Amino acid sequence: GTAPGVRLRTRRGLTGAVGIAACRHSSPTVGVPATRVVWLRCRRAGVTDLFPTRIETDRLRFQPLDETDTRRLWSVFDTQGWRERATTQMPWFRLATIEELRSFQAGAADQWADGDTARYTLFADGEPIGVTGFGPEWDAGRAGSGVVLHPDAWGAGYGTERARVFVELTFDRYGLDTYYATCAATNDRSRRMIEGYVTDYGGRHEGVIRNHSGRPDGSVTDQHRFSITRREYETAVCEAETTFETG
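Here the structure is a predicted model, which is why all the values come from computation and not from measurement.

1. Structural notes on the nonpolar core
No. 1: Membership of the largest hydrophobic core comes to 38 residues, with the highest contact counts inside it found for Phe51, Tyr179 and Tyr197.
No. 2: Setting aside its immediate chain neighbours within four residues, Tyr197 contacts Thr160, Ala163, Arg164, Val167, Tyr179 and Ala181.
No. 3: Counting 14 residues, the second-largest nonpolar core is a separate cluster that includes Phe77, Trp82, Phe93 and Leu101.

Take a look at the structure:
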């Protein structure tokens, strides 16, 4: 096997550390891991993090949320743009105090340790611009992601660049069967972003799921759902440069 952190050129021109690759063995279908069994195999193989601890693309750097300096991250959360625009469709990220942010980071650390969700701070040009998460559903063989960006970072394609990383993780790194993304039916900006990259990978808009997601104020939203299957992904022609590291 190859040591964690070593870069590998894949057939699609993507680059990544292959520490997880040694854990992807012996499912009935060659090359596809048996969902949550991957976690145990990684532990036995000495891989200390199921999720990448560092991700870099051409313009973005992903840092685990719990490792991000709280005051630096608070400088993004504690702005009018974040409170009044960025979190309009994602009110769970509208935090009132820096203590709430610290609690959120602690919860993210627990989710990471349990192999449930990987939450990251996104940096562009060395500055934090928002937060993102990757949520595998191991037993269902699928994964999804979400993102909240400060309005100053809107319109630059960062959401799409970030999403391509998680699509790659879903299929090339973890061998799952489906990647999906959802957004509120009223969130036209996110719908256009998701539709764009999902279409590039040959995926599709599955439809609008009514009364799908509850919000902190008690309201329930309809949600667009998009998905990409493994076959669609492997048929698509995608070129990007991504670097992963694991412990």
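2. A few points about the packing of helix α2 (residues 70-77) against helix α4 (residues 98-113)
No. 1: Where α2 meets α4, the closest approach of the two axes is 10 Å, and the angle between their N-to-C directions is 115°. α2 and α4 meet at a crossing whose hand is right-handed. Facing α2, whose interface residues are Thr70, Arg71, Leu73, Trp74 and Phe77, α4 presents Ile98, Leu101, Arg102 and Gln105.
No. 2: A per-class count over the contact of α2 with α4 returns five nonpolar, two polar and two charged.

3. Some words on the packing of aromatic side chains
No. 1: Evaluated as defined, the whole model comprises 13 aromatic pairs.
No. 2: Grouped by ring-pair contacts, the aromatic residues Phe51, Phe62, Trp112, Tyr120, Phe134, Trp138, Phe166 and Tyr174 constitute a single cluster.
No. 3: The side chain of Arg61 reaches across the aromatic face of Phe123, ending 4.2 Å from its centre.
No. 4: Looking at Arg225, its charged tip hangs above the ring of Tyr180, at a distance of 4.4 Å from the centre.

4. Some thoughts on the side chain of Thr170
No. 1: By the element assignment, Thr170 lies in helix α5 (residues 158-173).
No. 2: With near-sequence residues (within four places) excluded, Thr170 lies in contact with Phe134, Ala143, Gly175, Leu176, Thr178 and Tyr179.

5. Concerning the environment of Thr132
No. 1: Summarising the element assignment, Thr132 is placed in strand β6 (residues 127-137).
No. 2: Separated by 17 residues in the primary sequence, Thr132 and Leu149 place their C-alpha atoms 8.4 Å from one another.
No. 3: Residues contacting Thr132, with those up to four places away along its chain left out, are Phe62, Ala118, Arg119, Tyr120, Leu122, Gly146, Val147, Arg162 and Phe166.
No. 4: From its side chain, Thr132 meets the backbone oxygen of Gly146 in a polar contact 2.7 Å long.

6. Structural notes on the side chain of Thr117
No. 1: Structurally, the position occupied by Thr117 is in the loop between α4 and β5 (118-124).
No. 2: Excluding its chain neighbours within four sequence positions, the residues that come into contact with Thr117 are Phe51, Gln111, Trp112, Phe134 and Gly135.

7. Overview of α5
No. 1: The end-to-end C-alpha distance of α5 is 22 Å, a good match for the 22 Å that 16 residues give at a rise of 1.5 Å each.
No. 2: With 13 of its 16 residues buried, α5 lies for the most part within the structure.
No. 3: Two residues or fewer past α5, Gly175 is found with a positive phi of approximately 65°.

8. So, the confidence of the model for the chain
No. 1: Mean pLDDT over the chain stands at 82; residues scoring 70 or higher make up 76%.
No. 2: Highest mean pLDDT in the chain belongs to β5 (98); lowest belongs to strand β1 (residues 7-9) (28).
No. 3: Scored below 50 in pLDDT, residues 1-35 makes 76 contacts in the model with residues more than four places away or belonging to other chains.

9. Considerations on the pairing of β6
No. 1: Where burial is concerned, most of β6 is hidden: nine out of the 11 residues are buried.
No. 2: Of the strand pairs in this sheet, β5 and β6 are connected by seven bridges, and their pairing is antiparallel. Note on β6: the bridge partner recorded for Arg119 is Gly133.
No. 3: In sequence, β5 turns back onto β6 through a hairpin of two residues, with Asp125 there showing a positive phi of about 55°.
No. 4: Where β6 meets strand β7 (residues 142-149), eight bridges bridge the pair, whose relative direction is antiparallel. Bridge pairing in β7 places Pro136 opposite Ala143.

10. Focus: the pattern of salt bridges
Side chains that carry opposite charge are capable of pairing whenever their charged atoms lie near each other.
No. 1: Within this structure, the stated rule accounts for 11 salt bridges.
No. 2: In this structure, the salt-bridge partner of Glu161 is Arg59, at a minimum N-O distance of 2.8 Å. Placement of the pair is Glu161 in helix α5 and Arg59 in the loop between β3 (54-56) and β4 (60-64), with a sequence separation of 102 residues.
No. 3: Judged by relative accessible area, which is 16%, Glu161 ranks as buried.
No. 4: Here Arg72 makes a salt bridge to Glu127, at a shortest N to O gap of 3.8 Å. Placement of Arg72 in helix α2 and of Glu127 in strand β6 is noted, with a sequence separation of 55 residues between them.

Criteria and thresholds
- Residues numbered from 1 in each chain as written.
- Predicted model: local features only at pLDDT ≥ 70, side-chain atom pairs only at ≥ 80, totals over all residues.
- Heavy atoms only, no water.
- Core = buried A, V, L, I, M, F, W, Y, C linked by side-chain atoms within 4.5 Å.
- Buried < 20%, exposed > 50% of the residue type's maximum accessible area, 1.4 Å probe, protein only.
- Contact = heavy atoms within 4.5 Å.
- Axes fitted to C-alpha atoms, helices over the stretch in contact; angles between N-to-C directions.
- Helix = DSSP H or I, 4+ residues; strand = E, 2+ residues; numbered from the N terminus.
- Left-handed = near helix turned anticlockwise from the far one by under 90°.
- Nonpolar A, V, L, I, M, F, W, Y, C, P; charged D, E, K, R; others polar.
- Phe/Tyr/Trp six-rings, centres within 6.5 Å; stacked < 30°, edge-to-face > 60°.
- Lys NZ or Arg CZ within 6 Å of the ring centre and 35° of its normal.
- Polar contact = N/O pair within 3.5 Å; in protein donor to acceptor, adjacent residues only side chain to side chain.
- Expected span 1.5 Å × (residues − 1).
- pLDDT = per-residue confidence, 0-100.
- Pairing = 2+ DSSP bridges.
- Salt bridge = Lys/Arg side-chain N within 4 Å of Asp/Glu carboxyl O.

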